[in-house]
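Fold and geometry: a report
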Amino acid sequence: MREGPYGLAVAAVVALAACTPSTEKTTAAPPADTAPTTLSEAEHVAFEPGATVMVLAGTLGAGQTARYVLGAHEGNLLMAHALSPGKDLRVAVRRLDEQSAVPDAVETDSYWLGRLPVTGGYLVEVHGAGDEGPFHLELEVPRHLPLPPGASSISLAGTIQPHAPLAFTAEIEEGRTVAASVTSANDGVQLTAHGATDGQTLAGWKAGANAYRGEVSATQDYVFRLDPGAEATGFELNVSVE
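Notes on the structure in this doc start here. (Residues numbered from 1 in each chain as written. Predicted model: local features only at pLDDT ≥ 70, side-chain atom pairs only at ≥ 80, totals over all residues. Heavy atoms only, no water.)

1. Section: the overall build of the chain
Regarding its fold elements, the chain presents 0 helices and 20 strands. Residue pairs at least 24 apart in sequence account for 81% of intrachain contacts in the chain once pairs closer than 6 positions are excluded. Accessible surface for the chain amounts to roughly 11800 Å². Of this, 50% is attributable to carbon and sulfur atoms. (Helix = DSSP H or I, 4+ residues; strand = E, 2+ residues; numbered from the N terminus. Contact = heavy atoms within 4.5 Å. Areas by Shrake-Rupley, 256 points an atom, 1.4 Å probe, with all protein chains shown as cover.)

What follows is the structure, given as structure tokens:
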């Protein structure tokens, strides 16, 4: 057994004790005095212990903006996705210190994806354009799957908490075959997978299925997401790339 990224022991199974996040993924909102006065009403948010996904809810009308400040680390992959019945929202993410855009980000009206260039605070804005109505903002910072050098598969075992989805990411080349599965007590944990850049579910993935095997159509980061049930549940995630 040898030590891999983040001090995890790499073996046939990598144990994530109760899925406690590594120090690389620990986030904290930056001090309030780093925010310009015009952002004084921005809400500071942070992930629940052990979680990699959070969902925020609110109401917006035309011309209104909801603002959130999230602390994150250099190299984190951040995804922000806004949802509303009218699908009339726009999402933007900026560095809080410089009020500058994140380079090489992938953006559509309601979806934003970027690799964060520095450790610090980031401003996430949701802009409303249509009639007043409810919205949900999903923020996701998946953990990198620590595939051992030269290995094509990995197993992660741990405990997932209620209302605290977990997401993992791995860069996979076009044409490679991926197999992914999750096992849990009473099948209480649901697995989905999609491309981080294009947002597309892996071709052939069946809704509700907790096992998949197929060829990927593009080189990009792929996100493997675990959604928990109503109780804390042990799980084992298996991912292989051929």
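2. Observations regarding the sheet that holds strand 12 (residues 133–140)
Spatially, the 5 strands line up as an open sheet ordered 5-12-7-10-9, and their pairing is antiparallel. Each edge of the open sheet is held by one strand with a lone partner, namely strand 5 (53–60) and strand 9 (106–107). As defined by bridge partners, strand 7 (residues 77–83) adjoins strand 10 (residues 111–115) across 5 bridges and the pair is classed as antiparallel. If you follow Met-79 over to strand 10, its bridge partner there is Leu-113. (Pairing = 2+ DSSP bridges.)

3. Re the environment of Ala-42
For Ala-42, the location among the structural elements is in the loop between strand 3 (14–16) and strand 4 (43–45). Sequence separation between Ala-42 and Leu-123 is 81 residues; the distance between their C-alpha atoms is 8.3 Å. Sequence-distant contacts of Ala-42, that is, excluding residues within four places in its chain, are made with Arg-67 and Val-69.

4. Quick notes on the side chain of Thr-233
Relative to the helices and strands, Thr-233 is located in strand 20 (residues 233–241). On the accessibility criterion, Thr-233 (11% relative accessible area) is buried. If we skip the residues at most four places from it in the chain, Thr-233 touches Gly-158, Thr-159, Ile-160, Ser-184, Ala-185 and Val-189. (Buried < 20%, exposed > 50% of the residue type's maximum accessible area, 1.4 Å probe, protein only.)

5. Focus on unusual backbone geometry
Located in the positive-phi region is Gln-99, a residue other than glycine, with phi close to 55°. Inspection of the secondary structure puts Gln-99 in the loop between strand 8 (89–95) and strand 9. Owing to a relative accessible area of 29%, Gln-99 belongs among the partly exposed residues under this scheme.

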